[in-house]
Amino acid sequence: MAQEPYRPRRSVLYIPASNDKALAKLGSLACDAVIIDLEDAVLPADKKAARDKVAGILAGRERRCEMVVRINPLASEWGTHDLLAVAKAEPDGILLPKIATPRDILEAGDLLDDNFAPDSVKLWAMVETPRALLNIGAIAELGRDPASRLACFVTGTNDLVKATGILATPDRRYLMPWLMQLVLAARAGGLDVIDGVANDFRDLDAFARECADGAAMGFDGKSLIHPAQIEPANRAFSPSPERLAAARAIKDAFARPENAGKGVIALDGSMVERLHLAEAEKLLAKAAIIGA
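Heads up: these notes are all about the structure in this document. Because the structure is predicted, anything quoted here is derived from the model rather than measured.

1. Quick notes on the packing of helix H11 (residues 241-255) against helix H12 (residues 274-290)
The interhelical angle for the contact between H11 and H12, taken along N-to-C directions, is 125°, at an axis separation of 9 Å. When the axis of H11 is compared with that of H12, the two are oblique. The two elements H11 and H12 cross, and the hand of that crossing is left-handed. Judged by residue contacts, Arg243, Leu244, Ala247, Arg248, Ile250, Lys251 and Phe254 of H11 engage Arg274, His276, Leu277, Ala280, Leu283, Leu284 and Ala287 from H12.

Put into structure tokens, the structure is as follows:
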């Protein structure tokens, strides 16, 4: 499987397609990705008008960040029309809500292929239903086939809480098993995975803690509902100075002539293997791209 170039997705901001004021600020945002939302944030009576705006939102604009459009479910009266209209505007990605099985991804991909959407239009998938979680391994496996277009999972924590009836606590203790399962599946499929939203956008201290937990769990970034959340998310999902220093030390140690050809070396009292070197080089490469 060919490796896709690294794209930072530390901060992924939802913006309703019907919110002209928020859309006008797109060029000044420091987030890594924007999701133009045609689904939850748009009333049924406004669905078609919002869809018709997407081409204008994406056209003639310097894409400082990754541009993704969340359509309505394909099973809805708007879904197929959304998919085909959005594909013509050639966003970086199309986010599919309410997925349940691999077939949901394959059907969307077939529609894109049949209508000659370029390969650069990727599919993102909202994991927000119990069925999606139960089928997450098979869904993630599609990430190993470039023809599926699947590139990223986005966690729908609010919908999962609603669908299961679990208690939503600040530490997300009852969500944690499913979040970790989702990260594991994403890694098995070679996919990125974005943590769910934090609803109280005014409590940035709590948001920063949730970002730190998400980063520690292995998420690539956080989905956001307010621009004030961008900076804390970018900071939390960027390599820390300590991690970067450790990575440079590993790379420098393996570069020494006396360690040429060695599979294992000792560094500061610890055993370091070539797999640690690969991790260090990957981390440093990511840091270079995001300017950390």
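And the narrative resumes.
2. Points about the nonpolar core
The nonpolar side chains of soluble globular proteins are, as a tendency, buried together. In terms of nonpolar packing, the biggest core is built from 61 residues, with Leu26, Ile36, Ile94, Ile105 and Phe153 touching the most fellow members. For this core, the element with the highest residue contribution is helix H8 (residues 176-188), accounting for five residues.

3. Observations concerning unusual backbone geometry
Its identity is not glycine, yet Glu90 carries a phi of approximately 55°, on the positive side. In this fold, Glu90 is placed in the loop between helix H3 (79-88) and strand E4 (93-96). Owing to a relative accessible area of 42%, Glu90 belongs among the partly exposed residues under this scheme.

4. What about the sheet that holds strand E6 (residues 150-155)?
Spatially, the eight strands close up into a barrel ordered E1-E2-E3-E4-E5-E6-E7-E8, and their pairing is parallel. Mean inter-strand twist for the sheet, computed between neighbouring axes without regard to direction, equals 25°. Note that strand E7 (residues 192-195) and strand E8 (residues 221-224) share two bridges and pair parallel. Across the sheet, residue Ile194 finds its bridge partner in E8, namely Gly221.

Quick notes on the rules
- Residues numbered from 1 in each chain as written.
- Predicted model: local features only at pLDDT ≥ 70, side-chain atom pairs only at ≥ 80, totals over all residues.
- Heavy atoms only, no water.
- Axes fitted to C-alpha atoms, helices over the stretch in contact; angles between N-to-C directions.
- Helix = DSSP H or I, 4+ residues; strand = E, 2+ residues; numbered from the N terminus.
- Parallel < 35°, antiparallel > 145°, perpendicular 65-115°, else oblique.
- Left-handed = near helix turned anticlockwise from the far one by under 90°.
- Contact = heavy atoms within 4.5 Å.
- Core = buried A, V, L, I, M, F, W, Y, C linked by side-chain atoms within 4.5 Å.
- Buried < 20%, exposed > 50% of the residue type's maximum accessible area, 1.4 Å probe, protein only.
- Pairing = 2+ DSSP bridges.

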